[in-house]
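# Summary of structural features
For reference, the chains in residue letters:
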Amino acid sequence: MLKKCLIATIFLTLVFSSLSMAQIDKIAIFNELVGWTTVEAAAEATEVILANVTSASSIEVLNDEEMGAFAEANTGDGNLDIIVTFGYWPVSLYPPGNAEPDGSVGELFLEGGDMIMNTADYIFYVTQGGGANGDAGLKNMTDSEFDLWTDNTEIEPTADGEKYLPSLEPFTSHRAFVIAQVEENPDWEFLAIFGTNGDNADPAIIQNLTYGGLVGINHQVSDDTMPRGPVMAEMIEYIGAIGGSTAVEPAAKLATSWGAIK
Ligand SMILES: [Ca+2]
Ligand SMILES: [Ca+2]
Ligand SMILES: [Ca+2]
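No experiment lies behind these values; they were computed from the predicted model shown.

With that settled, consider the sheet that holds strand 11 (residues 204-208). Read across the sheet, seven strands follow the order 2-1-3-4-12-11-8 without closing on themselves; strand pairing throughout is mixed. Each edge of the open sheet carries a strand with a single partner, namely strand 2 (56-61) and strand 8 (188-193). The sheet shows a mean angle of 20 degrees between the axes of neighbouring strands, taken without regard to direction. Note that strand 8 and strand 11 share five bridges and pair antiparallel. Considered in strand 11, the bridge of E189 is made with Q207. Sitting on the sheet, helix 2 (residues 39-52) is in contact with strand 1 (24-30), strand 2 and strand 3 (80-85), with an inclination near 160 degrees to strand 2. Of the strands in this sheet, strand 1, strand 2 and strand 3 are in contact with helix 3 (residues 64-74), which crosses strand 1 at around 160 degrees.

The structure is reproduced here in structure tokens:
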């Protein structure tokens, strides 16, 4: 009897710790406009995310205007929220043409310790007017000199990729992170590299060491045979499993949670 109680207690403890580790609050997906994919393919990938992500309290598909309101409502609210885009950066989050290089709603969301994930075209590049942000979008959003000009990067899954993103297969990325740029930058580090050719990384997640904000990319290539939806869902579940971050010491918290599940 005692043994049974003990086992039950351990089981419940495990259940509650895994629940408490699922710390993503809200996810907002923008798929009305896209870059390097189609609205139809983005809608299909969205269905996969909606059907498979279990680690968030809510997932909504929002229009451009609603994305800005979502970001404002969830910035600095003490929990991790995620914005997902398909190669088009909504104008409510970042005025097109780099009109607000600092302090945009989107940048403040990131600086509040939240996460932005993108697939298909170069993150933050395409917006109203086409490629109006260009590669300055990522630089302004991260206050860095990162660029993603990595055409024909032959990606192989890493050990973490094989472990956490079972849907990931070898592919060719054209807009991956340049690993040396991130490693040389004192403000950012890789939280995870799931695919690489040794020099460039996609899918991958970088994290700001000061405010804990996260930027994730997945299959940044113009090819709709790519498993964007499954891999995006698996990346979100990975973030949920490691505990995400809150505005309070997110980097330390992530390191702790990460160590706990290794
Ligand atoms: Ca929130
Ligand atoms: Ca938040
Ligand atoms: Ca900035």
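This next bit is on the coordination of the calcium ion (ligand 2). The coordination sphere of the calcium ion (ligand 2) contains the protein donors N74 (O), D77 (OD), N79 (O), D81 (OD), D114 (OD) and D114 (OD), at a distance range of 2.3 to 2.8 Å. Around the calcium ion (ligand 2), the six donor atoms sit at angles spanning 49 to 168 degrees, and that spread fits a shape best called irregular. For the calcium ion (ligand 2), the donor residues sit on a single chain with the sequence spacing N-x2-D-x1-N-x1-D-x32-D. Between the two metals, the calcium ion (ligand 2) and the calcium ion (ligand 1), the spacing is 4.1 Å, and N74 donates to both. Within this pair, whereas D77 is found in the loop between helix 3 and strand 3, its partner D114 is found in the loop between helix 4 (105-111) and strand 4 (115-119), the two being separated by 37 residues in sequence.

A turn of α-helix holds 3.6 residues, and therefore any two residues three or four places apart point the same way. Looking only at helix 3, the buried set comprises D64, M67, G68, F70, A71 and N74. The buried residues of helix 3 occupy an angular sector of 160 degrees when the element is viewed end-on, so they sit on one face. Along helix 3, the residues that are exposed and aim more than 90 degrees away from the buried face are E65, E72 and A73. Summarising the contacts, the buried residues of helix 3 are in contact with strand 1, strand 2, strand 3 and helix 4. Capping the start of helix 3 is the job of one residue whose side-chain oxygen sits 3.2 Å from the backbone nitrogen of E65: N63. Looking one or two residues past helix 3, G76 carries a phi angle of roughly 65 degrees, positive in sign.

Before going further, it helps to spend a moment on the coordination of the calcium ion (ligand 1). Coordination of the calcium ion (ligand 1) by the protein is provided by D25 (OD), N74 (OD1), D77 (OD), N79 (OD1), D81 (OD) and D81 (OD), with metal-donor distances spanning 2.2 to 2.5 Å. Because the angles between the six donor atoms bound to the calcium ion (ligand 1) fall within 52 to 168 degrees, the donor set is best described as irregular. On the primary sequence, the residues serving as donors to the calcium ion (ligand 1) are separated as D-x48-N-x2-D-x1-N-x1-D. D25 gets classed as buried once you look at its relative accessible area, which sits at 14%.

Before going further, it helps to examine helix 2. Between its first and last C-alpha atoms helix 2 spans 20 Å; for 14 residues at 1.5 Å apiece the expected length is 20 Å, and the two agree. If you check which residues of helix 2 are buried, you get A42, A45, T46 and I49. Around the axis of helix 2, the buried residues are gathered within 110 degrees of arc, so they sit on the same side. Of the residues in helix 2, the exposed ones pointing more than 90 degrees away from the buried face are E40, E44, E47 and A51. Taken together, the buried residues of helix 2 touch strand 1, strand 2, strand 3 and helix 8 (228-241).

Bringing the confidence of the model for the protein chain into the picture now. Mean pLDDT over the protein chain: 89, with 84% of residues reaching 70 or higher. In the model, residues 12-22 has pLDDT below 50 throughout and makes six contacts with residues more than four positions away in sequence or in other chains. Low pLDDT, under 50, characterises residues 245-262; the stretch is placed with 30 contacts to residues that sit more than four places away or in other chains.

Conventions adopted
Residues numbered from 1 in each chain as written. Chains lettered and ligands numbered in written order. Predicted model: local features only at pLDDT ≥ 70, side-chain atom pairs only at ≥ 80, totals over all residues. Heavy atoms only, no water. Pairing = 2+ DSSP bridges. Helix = DSSP H or I, 4+ residues; strand = E, 2+ residues; numbered from the N terminus. Axes fitted to C-alpha atoms, helices over the stretch in contact; angles between N-to-C directions. Contact = heavy atoms within 4.5 Å. Donors = N, O, S within 2.8 Å, 3.2 Å for Na, K, Ca; no water. Tetrahedral: all angles 85-135°; square planar, octahedral: opposite > 155°, others 65-115°. Buried < 20%, exposed > 50% of the residue type's maximum accessible area, 1.4 Å probe, protein only. Arc of directions from axis to C-beta. Polar contact = N/O pair within 3.5 Å; in protein donor to acceptor, adjacent residues only side chain to side chain. Expected span 1.5 Å × (residues − 1). pLDDT = per-residue confidence, 0-100.

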